[in-house]
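Observations on the model geometry
The chain contents come next:
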Amino acid sequence: DREQQRFADSHPASRANWERGKRHFLYGGPSHWMRRWAGGFPPYVEEAKGARLTDVDGKSYVDFCLGDTGGMCGHAPEAVTDAAIRQLQRGTTTMLPTEESLWVGEELARRFGLPYWTLTTSATDANRGAIRFSRMVTGRDKVLVFSGCYHGGVEEAHVELRDGKVSLRNMIHPNGVDHTRVSKVVEFNDFDAVRAALADRDVAVVLMEPVMTNFGMIPVAEGFLDFVREETRKTGTLLIIDETHTISSGPGGYTRLHGLEPDFFVAGKAIAGGIPAGIFGVSQETAEKIWAAVPYVNPRQRQSAHLGIGGTLAGNALTIATMKAVLESVLTPANFEKMIANARRLAEGARAVISANNLPWHVTQIGARAEIMFTPRPPRNGADVIATRRGDLETLLHAFYMNEGILVTPFHTMFLMCPATTEADVDHHTVVFGRFVELLKQE
Ligand code: PLP
């Protein structure tokens, strides 16, 4: 409370904006996440550039939140800004493709290893599209997800395992529609539960992150991803690997790094440098099944049909131009190397503080993403997170960071590196984290 009060007292302009915004925004503002950690309102942004952000109260932050991955390219990277300005002057939405899309399609196939792509305006829509195609192709209606997952506004994934049963997740009001009829949910890393859930052959598709990132970072158990792939193939079930967050693992995402073979590959957020965009890739085999099930989708047909996947603004010329700039100049192997080295440095710095103070905490780092957790070892699944989570410490640390000029992703103490993040930014975190531990010791 003291840290939240400290933040509130030092942000009069943001507080006044929030009071004004509350009158017309259902959630108080177009973005409301950080209010939970700050003094009941978010700081309003004056400018975000590279790895830094300044608010309207004149406070500057090292940004490790990076738009919860949407800003993973760094804020306003020059290549993306230039491409956006150029395209804005030449028109954005025409219902016709631009030639730049040709390069984008070729690059997505080369980079992520799936031959066919669909563009949407968000990762949520990409997941929904992949689910819809899965149902068409398999004739089944159920979706299997893992407890603690988040895949955007996908109703089928707004479930969790409670007392061994699929239940609507606390955070989501049922709205009178019971999505649990079409969802199955099991714990992450539970081999037997996956086998049992797929054995009924009523699951159209498994929707998963390769490493869970939305309930704290939950690393995947040895062999689990291969096992899921094997069981899905055996039972005629499709597999969506949602890389919206784990795209931070490397230039080809976690999929390319670990040789995964999904039927659908989903990404969004960072893919167009922060301009709204989602993508999903489709394997050759699945594309052929889609064309067999819905011939009008096949580009070899003269007629086409609208399946309600994608959308009017999906793949518009602005998105295409910025996606090209991102793939060509920002999310490059060299930049990933730098981002991952900084994530490693951050994890090592935090681990040094933890071990110097004999704390029963740990740091997980996967690619350009790192997280401090207040448990001795990483959780194995969602149930483990629920049993061991220290929400009180998370809240205190978040508020302390914000007062000390550091932003981390909402909900968890997760850090993301962008190409503009410097070693000095990372070392600043180590110092602040050390101060936090000192503060705790004094209390
Ligand atoms: N998939 C994952 C793994 C996510 O973490 C999120 C959002 O946090 C989404 C999908 C949805 O992305 P968007 O909000 O851009 O639709």
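Residues numbered from 1 in each chain as written. Predicted model: local features only at pLDDT ≥ 70, side-chain atom pairs only at ≥ 80, totals over all residues.

The name given to the protein in an unreviewed UniProt entry is Transaminase, with the source organism recorded as Paradevosia shaoguanensis. Comment text from UniProt for the protein, heading Sequence similarities (unreviewed entry), reads "Belongs to the class-III pyridoxal-phosphate-dependent aminotransferase family." Quoted verbatim from the Cofactor (unreviewed entry) field of UniProt, the annotation for the protein is "pyridoxal 5'-phosphate". (UniProt positions renumbered as here; feature names shortened; annotations may be inferred.)

In this section: the site of the ligand. What surrounds the ligand is a group of 15 residues, the closest being Ser 122, Ala 123, Thr 124, Gly 152 and Thr 244. Looking at which element gives the most residues to the shell around the ligand, the answer is helix H5 (residues 123-138), with three residues. For the shell around the ligand, the class distribution of residues is two nonpolar, nine polar and four charged. (Near = placed C-beta within 6 Å. Helix = DSSP H or I, 4+ residues; strand = E, 2+ residues; numbered from the N terminus. Nonpolar A, V, L, I, M, F, W, Y, C, P; charged D, E, K, R; others polar.)

Relative to the 18 Å expected for 13 residues at 1.5 Å per residue, helix H13 (residues 391-403) spans 18 Å between its end C-alpha atoms, a close match to the ideal helical length. Residues of H13 that are buried include every one of Leu 396, Leu 397, His 398, Ala 399, Phe 400, Tyr 401, Met 402 and Asn 403, and no others. At its buried positions, H13 is contacted by helix H1 (2-9), strand S15 (406-407) and helix H14 (423-442). Gly 405 lies just past H13 and shows a positive phi near 80°. (Expected span 1.5 Å × (residues − 1). Buried ≥ 20, exposed ≤ 12 C-beta atoms within 10 Å, placed from the backbone. Contact = placed C-beta atoms within 7 Å.)

For the rest of this paragraph, the subject is the environment of Glu 3. One can find Glu 3 in helix H1. Glu 3 sits in the buried class, given 22 other C-beta atoms within 10 Å. Put simply, Glu 3 and Cys 65 are 62 residues apart on the chain and 19 Å apart in space, counted from C-alpha to C-alpha. Beyond its immediate sequence surroundings of up to four residues, Glu 3 is in contact with Leu 396, Ala 399, Phe 400 and Asn 403.

Segmenting the protein into domains produces domain 1 (2-72 + 332-442) and domain 2 (78-330). Between the C-alpha centres of domain 1 and domain 2 there is a distance of 27 Å. Contact with domain 1, which involves 27 residues of that partner, is made by 26 residues of domain 2. Secondary-structure elements contributing two or more residues to the side of domain 1 that touches domain 2 are helix H11 (333-356), strand S13 (362-366), strand S14 (369-373), helix H12 (382-388) and strand S16 (414-416). (Domains from an automatic or database assignment.)

Take the packing of helix H6 (residues 191-199) against helix H7 (residues 224-234) next. The N-to-C vectors of H6 and H7 enclose an angle of 15°; their axes lie 10 Å apart at closest approach. By the angle class used here, H6 and H7 are roughly parallel. With respect to the hand of their crossing, H6 and H7 are arranged in right-handed fashion. Across the interface between the two elements, Phe 191, Val 194, Arg 195 and Leu 198 of H6 pack against Phe 224, Phe 227, Val 228, Glu 231 and Thr 232 of H7. (Axes fitted to C-alpha atoms, helices over the stretch in contact; angles between N-to-C directions. Parallel < 35°, antiparallel > 145°, perpendicular 65-115°, else oblique. Left-handed = near helix turned anticlockwise from the far one by under 90°.)

Now for unusual backbone geometry. Although it is not a glycine, Arg 201 adopts a positive phi angle of roughly 55°. One non-glycine residue, Lys 269, lies in positive phi territory at about 45°. In this structure, Lys 269 sits in the loop between strand S11 (264-268) and strand S12 (278-282).

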